[in-house]
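# Descriptive structure summary
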Amino acid sequence: MQNEPETPPVASMRIKVTRNGPYVVTGSVPLVRLAMVLDADGEALAWRVVQEYPLQEQYRLCRCGGSSTKPFCDGTHRRNGFDGTETASHALYLDRAERTVGPTLELIDVQELCAGAGFCHRAGGTWNLTTRSDYPRARALAIEEAGNCPAGRLVAWTKDGAPIEPDLGPSIAVTEDPVTGAIGPYWVRGGIEIEAADGTTYEVRNRVTLCRCGKSGNKPFCDASHQE
Ligand code: FES
């Protein structure tokens, strides 16, 4: 009987932001393509896998938006004047967060990380649901919506001070915006380290989104500029 290939340890995985060039991904990071599932009102409901790429030890992901072999880099960034200067804060997520306090939950929010995915819109919105979290249905929806936020802008916390995070295996998801048809960001999941072009590292988190259209004003992270 053949054994399943083992998932490599997340500690060996890395995403290196290169100066005015692609993301160099090492450590056999699984790569998938995800589509957003919308509800009858057109609101984001869930994610579904539409493609799994063959596992590679190393690969280069386009971040200028110009490659003809997306999601992979084809060298176009050398010809299209791509300015990949990183402007994102290295401050810790919690040090930048605003809080919405509800009866059984707190919602932690760093707005500048918004990737515009829209999972926070359903049923009155995640903030409103948090303020009504003494109702089990509202509480469950608030947790679900916050956990589906690919950018990790929103995190639901218990009143005991524990973050409620979805269990995401380390991987990168290539996303697309189903409404505009525009390319969405890379959804980096499961605590993969991201190294800036200058060798410093960003806070390791369970969910972050990296720009892949080249237009973000918060590089390397997505700021929803792909929707403009
Ligand atoms: S980063 Fe190389 S083609 Fe886009």
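Residues numbered from 1 in each chain as written. Predicted model: local features only at pLDDT ≥ 70, side-chain atom pairs only at ≥ 80, totals over all residues. Heavy atoms only, no water.

### Regarding the domain arrangement of the protein
Considered domain by domain, the protein is made up of domain 1 (10–81 + 177–227) and domain 2 (98–164). The C-alpha centroid of domain 2 is placed 24 Å from the C-alpha centroid of domain 1. Each partner contributes residues to the interface: domain 1 has 19 residues there, and domain 2 has 20 residues. Both sides together, the interface formed by domain 1 and domain 2 hides about 1500 Å², and carbon and sulfur atoms give 49% of it. For the pair domain 1 and domain 2, the number of links is zero salt bridges. At the boundary of domain 1 and domain 2, one finds six residue pairs in polar contact (both at pLDDT 80 or more). Mapped by element, the contributors of at least two residues to the side of domain 1 that touches domain 2 are strand S4 (44–52), strand S11 (183–189) and strand S13 (207–210). Of all the elements, S4 adds the most residues to the side of domain 1 that touches domain 2, at four residues. Partitioned by chemical class, the residues of the side of domain 1 that touches domain 2 number ten nonpolar, four polar and five charged. (Domains from an automatic or database assignment. Contact = heavy atoms within 4.5 Å. Buried area = accessible area lost by both parts, 1.4 Å probe. Salt bridge = Lys/Arg side-chain N within 4 Å of Asp/Glu carboxyl O. Polar contact = N/O pair within 3.5 Å; in protein donor to acceptor, adjacent residues only side chain to side chain. Helix = DSSP H or I, 4+ residues; strand = E, 2+ residues; numbered from the N terminus. Nonpolar A, V, L, I, M, F, W, Y, C, P; charged D, E, K, R; others polar.)

### A few points about the pattern of salt bridges
Under the definition given, this model contains ten salt bridges. Across the salt bridge formed by glutamate 144 and arginine 122, the nearest N and O atoms sit 2.8 Å from each other. With glutamate 144 in helix H2 (residues 136–148) and arginine 122 in the loop between strand S7 (105–109) and helix H1 (126–131), this residue pair connects regions lying 22 residues apart in the sequence. You can call glutamate 144 partly exposed: its relative accessible area is 35%. Between arginine 207 and glutamate 165 there is a salt bridge, with the nearest N and O atoms lying 2.9 Å from each other. With arginine 207 in strand S13 and glutamate 165 in the loop between strand S9 (163–164) and strand S10 (171–176), the pair connects residues that are 42 residues apart, well separated along the chain. Residue class for arginine 207 comes out buried when judged on its relative accessible area of 1%. (Buried < 20%, exposed > 50% of the residue type's maximum accessible area, 1.4 Å probe, protein only.)

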